[in-house]
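Structural features, examined
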Amino acid sequence: MTTLLNTLLPKKATRKTPLSPEQKKENKLISGIRITVEHAIAGIKRLGCMTQSLRNRRPFIDDTFILLSAGLWNFHLRRD
């Protein structure tokens, strides 16, 4: 498992060096974390303002949009 600051990268197998069972377990753990994060980002992007370019020049409006999007997504997750 390679760590860059706080980033986890999975190991890659080659023809000469296949992955050991430990490395496969680590890769599975990393992929599970990655899928959770990707689903959260996709949920936030369901609100259209996060996927389109922002042309408003008001200060901190982008922070407000991400706060609202994340809040709505968390509300949705807690209701289920």
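Below you will find a few notes about this structure. Given the structure is predicted, the values throughout are model-derived calculations rather than measurements.

1. A closer look at the overall build of the chain
- Assigned secondary structure in the chain consists of two helices and two strands.
- Across the chain, helices and strands are ordered from the amino to the carboxyl terminus as β-β-α-α.
- For 80 residues, the compact-globule estimate of 2.2 N^0.38 gives 12 Å, and the C-alpha radius of gyration of the chain, at 18 Å, exceeds that figure by more than 25%.
- Projected onto the principal axes, the alpha-carbon positions of the chain cover approximately 55 × 30 × 20 Å.
- When each of the 80 residues of the chain is scored for burial, the buried share is 10%.
- Pairs at least 24 apart in sequence give 26% of the contacts found in the chain among residues at least 6 apart.

2. Details of the packing of helix α1 (residues 21–45) against helix α2 (residues 61–79)
- Where α1 contacts α2, the axes come no closer than 8 Å and their chain directions differ by 115°. The pairing of α1 with α2 is recorded here as roughly perpendicular in orientation. Classified by chirality, the crossing of α2 by α1 is right-handed. Seen from α1, the contacting residues are His 39, Ala 40, Gly 43 and Ile 44; seen from α2, they are Ile 66, Ser 69, Ala 70 and Trp 73.
- Classifying every residue of the contact of α1 with α2 by side-chain character gives five nonpolar, three polar and no charged.

What counts as what
Residues numbered from 1 in each chain as written. Predicted model: local features only at pLDDT ≥ 70, side-chain atom pairs only at ≥ 80, totals over all residues. Heavy atoms only, no water. Helix = DSSP H or I, 4+ residues; strand = E, 2+ residues; numbered from the N terminus. Rg over C-alpha atoms; globule rule 2.2 N^0.38 Å. Buried < 20%, exposed > 50% of the residue type's maximum accessible area, 1.4 Å probe, protein only. Contact = heavy atoms within 4.5 Å. Axes fitted to C-alpha atoms, helices over the stretch in contact; angles between N-to-C directions. Parallel < 35°, antiparallel > 145°, perpendicular 65-115°, else oblique. Left-handed = near helix turned anticlockwise from the far one by under 90°. Nonpolar A, V, L, I, M, F, W, Y, C, P; charged D, E, K, R; others polar.

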